[in-house]
Amino acid sequence: MSTNAFHTPPPNGEGEMRAPMDFQSRRMRLNSAWRYAVNHAVTGLAVLSTLLVVAPLVAILVYLVYMGASSLNVAFFTHIPAPVGEPGGGMANSILGSGIVLVLASLLGIPVGIAAGVYLAEFGRGKLLAAAIRFTADVLNGVPSIVMGIAIYSMLVFPEDFHLWFLYPFRHLLAPLMALNIPPALQIPMTFSVDATGVWLHVGGHFSAFAGGVALAIMMVPTITRTTEEMLATVPHAIREAALGLGVPKWRTVMSVSLKTASPGIITGCMLAFARVAGETAPLLFTAFGNQFWSFRLNEPIAALPLQIYIYAMSPYDEWHRLAWAGSLVLIVMIMVAVTLVRIYASRGILKGAS
Amino acid sequence: MGVGINVEHLNAWYGTTHTLQDINLNIPANHATALIGPSGCGKSTFVRCLNRMHETNPIARASGVVKMGDIDIYKDASPVTIRRRVGMVFQRPNPFPTMSIYDNVASGLKLNGFRNKAILDETVERSLKASALWEEVKDDLKKKSGASLSGGQQQRMCIARALAVDPEVLLMDEPASALDPVSTSKIEDLIFQLKSQYTIVIVTHNMQQAARVAENTGFFLNGKMVEFDSTDRIFTNPKDKRTEDYITGRFG
């Protein structure tokens, strides 16, 4: 008995076979012309949308090159800003300052962000704490950057002393820690002192590169956390089971299998977060503050490209306006180079046929 | 060498669903044992209880005694040590996509911190030979990703990966159900060769497959084990009416 699906009569056709399709009929030809038209129309719309998205980026780049390239010279990359009225000068200290603040922000923000994402995806499924963290991350993502600047100002710049009375019994253990000779470049605006009443923590007192780095790090965390979680969620469960089934402990499975499989997406998330904060001005206004001179210390106000661009662009001098354009161009090129380098580095060692 | 498994009063739950109800079973060492039964009858849950993979699901739990040799796997050992002694091959090939063929096979050792290159090389070669894949992949062991192989090759690589940690028991959860007939027959040949050295438990929907590779067969239905006997007897002269109905195709 043949029960081939292709020969089974349609259930509502009284057992009759459907008439074979006449591919030459007028209706079929119209149909195919219509589908052809729709196909091309929708493809065209998609291409148009892509152009609309890319066009502003290209326009900005071209305009930046047009306005800024003429002010770029060696002095721009080697000199600090010149005093008002003097020609020349550069943004060398701002480029270095942005570098320092962004490296600090990445060192603080990326590990925390990835760790939180790992918790959400691998350990916190269905837990209340995970839902709370997810919600917090989403809200944090929406906090205006100026608010972040003010919050970090009040935490790490405004001078405050905390009396850590509960550390009183351990004050002798803390003494050698406080005697540690931290190099001046790495000192941060947090110091301990001990007196008869206990241990004191002194925070802030001045603007600092450290406060700027922390502000940017906090802005990076929610993006990284959520992309890490989403990327880990796309790792097939079967792969985790494969590792667990080989007697690999759960932590090892997460580190070497889940994270490794999701790493291209996680790296993309980190780069997105990095590129986003690299151009932030508002959170640095109240934290890193800016500096017209060289600064190599985390404990001092430091220059940053967005801050310097802001100062130059607000000024009444044409010379400074040109420098602001040049600075913007350098900032965008720096972000593009950083993102590209990480992408090249991350795609090395990918095997043939790996998905 | 393989080791026998003694299952006494094994019960398992997913949430409130009582998936396995009072299973008692003796799986002999160095033999292949097939588990058959309709979908959802608990065969997969049963094998997952034998290497404590069942409990990786947060809502799952199990009770009862599973003795491997003379250790009770739920009392005397951690899940991690049990899983190193009881290898598992899954229904769908699940290679690690970021790893080369070599790293896939060596993963059980490498991820557990084993670093001796000479021994790793030797283990990878021996395991791939045992799973009849060596000749096909020996030239691009480290160049190609494990995910670039065909489905049948991937599954043999997964078997090699399980063998590389030198288990005593090999659990196979429908290892050939996602494969074409040629690959299936290669896997069956492989099971036939491996069972002299390992205790093999294979879940299958394919009754001919059970008849071809296994000395003993158990029939599961609705979370209970209806009958367990030599494969010959199950397929020619089952004691239980339900077994007979199932193998003659009257349901399931």
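Residues numbered from 1 in each chain as written. Chains lettered and ligands numbered in written order. Predicted model: local features only at pLDDT ≥ 70, side-chain atom pairs only at ≥ 80, totals over all residues.

Draft legend 1. A look at the nonpolar core. Residue and element names in this part refer to chain B. The biggest cluster of nonpolar side chains holds 76 residues, and the ones touching the most others in it are Val 105, Leu 170, Leu 171, Ile 200, Val 201 and Ile 202. Sort the elements by how many residues they give to this core and helix α6 (residues 151-164) lands first, with 7 residues. Apart from residues lying up to four places away in sequence, Leu 171 is in contact with Val 47, Leu 50, Asn 51, Val 86, Gly 87, Met 88 and Val 201. (Core = buried A, V, L, I, M, F, W, Y, C linked by C-beta atoms within 7 Å. Buried ≥ 20, exposed ≤ 12 C-beta atoms within 10 Å, placed from the backbone. Helix = DSSP H or I, 4+ residues; strand = E, 2+ residues; numbered from the N terminus. Contact = placed C-beta atoms within 7 Å.)

Draft legend 2. Summary view of unusual backbone geometry. Residues and elements named next belong to chain B. Positioned with a positive phi, His 9 is a non-glycine residue whose angle comes to about 50°. Residue classification places His 9 among the exposed positions, given that 12 C-beta atoms sit within 10 Å. Not every positive phi belongs to a glycine, and Asn 222 is a case in point at roughly 50°. The topology assignment puts Asn 222 in the loop between β9 (216-221) and β10 (224-230).

Draft legend 3. Highlighting the interface of chain A and chain B. Contact with chain A, which involves 21 residues of that partner, is made by 26 residues of chain B. Within the residue set of the side of chain A that touches chain B, elements represented by two or more residues are α8 (237-245) and α9 (250-278) of chain A. Of the residues that constitute the side of chain A that touches chain B, the class distribution is 11 nonpolar, 6 polar and 4 charged. (Nonpolar A, V, L, I, M, F, W, Y, C, P; charged D, E, K, R; others polar.)

Draft legend 4. Region of the structure containing helix α7 (residues 209-233) of chain A. Residues and elements named next belong to chain A. With 25 residues, α7 extends 36 Å from end C-alpha to end C-alpha; this agrees with the ideal 36 Å at 1.5 Å per step. At Met 220, α7 shows its strongest bend, of approximately 25°, with the proline Pro 222 following within four residues. With 23 of its 25 residues buried, α7 lies for the most part within the structure. (Expected span 1.5 Å × (residues − 1). Bend = angle between axes of the 7 residues up to and from the residue.)

Draft legend 5. Layout of helix α1 (residues 26-68) of chain A. Here α1 of chain A contains 43 residues, and its C-alpha end-to-end distance of 62 Å stays within 8% of the 63 Å for a straight helix at 1.5 Å per residue. Its maximal kink placed at Val 54 of chain A, α1 of chain A deviates by approximately 30°, while the proline Pro 56 of chain A follows within four residues.

Draft legend 6. Broad picture of the pairing of strand β2 (residues 190-195) of chain A. Judged from the 6 bridges that link them, β2 of chain A and strand β3 (residues 198-203) of chain A form a sheet pairing that is antiparallel. Bridge pairing in β3 of chain A places Val 194 of chain A opposite Val 199 of chain A. (Pairing = 2+ DSSP bridges.)

Draft legend 7. Just the packing of helix α4 (residues 128-142) of chain A against α7 of chain A, in detail. Residue and element names in this part refer to chain A. At their nearest, the axes of α4 and α7 sit 8 Å apart, and the two run at 135° to each other. Here α7 runs oblique to α4, going by the angle between their axes. α7 is crossed by α4, and the crossing has left-handed handedness. Taking contact as the criterion, the partners of Ala 137, Asp 138, Leu 140 and Asn 141 in α4 are, on α7, Pro 222, Thr 223, Thr 225 and Arg 226. Tallied by class, the residues present in the contact of α4 with α7 amount to 3 nonpolar, 3 polar and 2 charged. (Axes fitted to C-alpha atoms, helices over the stretch in contact; angles between N-to-C directions. Parallel < 35°, antiparallel > 145°, perpendicular 65-115°, else oblique. Left-handed = near helix turned anticlockwise from the far one by under 90°.)

Draft legend 8. Representation of the confidence of the model for chain A. Across chain A, the average pLDDT comes to 88, with 92% of residues at 70 or higher. Residue range residues 1-5 of chain A is modelled with pLDDT below 50. Its contacts to residues more than four positions away, or to other chains, number 2 contacts. (pLDDT = per-residue confidence, 0-100.)

Draft legend 9. Inspection of the domain arrangement of chain A at higher detail. All names here are of chain A. Examined at the domain level, chain A breaks down into domain 1 (92-155 + 208-347) and domain 2 (160-203). On the side of domain 2, 6 residues touch domain 1, which itself brings 7 residues to the contact. When grouped by side-chain class, the residues that make up the side of domain 1 that touches domain 2 number 4 nonpolar, 2 polar and 1 charged. (Domains from an automatic or database assignment.)

Draft legend 10. Main features of the confidence of the model for chain B. Per-residue confidence for chain B averages 91 on the pLDDT scale, and 100% of its residues sit at or above 70. Note on the complex model: pTM 0.85, ipTM 0.90.

Draft legend 11. Just the sheet that holds strand β1 (residues 160-164) of chain A, in detail. Residue and element names in this part refer to chain A. Read across the open sheet, the 3 strands follow the order β1-β3-β2; overall the sheet is antiparallel. The open sheet has two edge strands with one neighbour each: β1 and β2. Taken pair by pair, the neighbouring strands of this sheet meet at an average axis angle of 25°, ignoring direction. Along the sheet, helix α6 (residues 171-179) makes contact with β2 and β3, crossing β2 at roughly 135°.

Draft legend 12. Just the pairing of strand β7 (residues 169-173) of chain B, in detail. All names here are of chain B. For β7, the buried fraction is high: 5 of the 5 residues fall into the buried class. Side-chain alternation along β7 places Val 169, Leu 171 and Asp 173 on one buried face and Leu 170 and Met 172 on a second face that is also buried. Relative to β7, strand β6 (residues 86-89) runs parallel, the two being bridged by 4 bridges. Its bridge partner being in β7, Val 89 is matched across the sheet by Met 172. Pairing analysis gives 5 bridges linking β7 to strand β8 (residues 199-203), with the strands arranged parallel. Along β8, the bridge assignment pairs Met 172 with Ile 202. Handedness of the crossover joining β7 and β8 through helix α7 (residues 181-194) is recorded here as right-handed. (Right-handed = clockwise from strand over helix to strand, strands pointing away.)

Draft legend 13. Quick peek at the sheet that holds strand β4 (residues 60-68) of chain B. All names here are of chain B. Spatially, β2-β1-β4-β5 is the arrangement adopted by the 4 strands of the open sheet, whose pairing is antiparallel. For this open sheet the edge positions go to β2 (17-27) and β5 (71-72), each flanked by a neighbour on one side alone. Relative to β5, β4 runs antiparallel, the two being bridged by 2 bridges. The residue of β5 that forms the bridge with Met 68 is Ile 71.

Draft legend 14. Expanded view of the environment of Gly 279 of chain A. Residues and elements named next belong to chain A. Tracing the backbone shows Gly 279 in the loop between α9 and α10 (282-285). Taking the number of C-beta atoms within 10 Å as the measure of exposure, Gly 279 has 15 and is therefore partly exposed. Along the primary structure Gly 279 and Leu 329 are separated by 50 residues, whereas in three dimensions their C-alpha atoms are 11 Å apart. Discounting chain neighbours no more than four positions away, the residues touching Gly 279 are Pro 306 and Leu 331.

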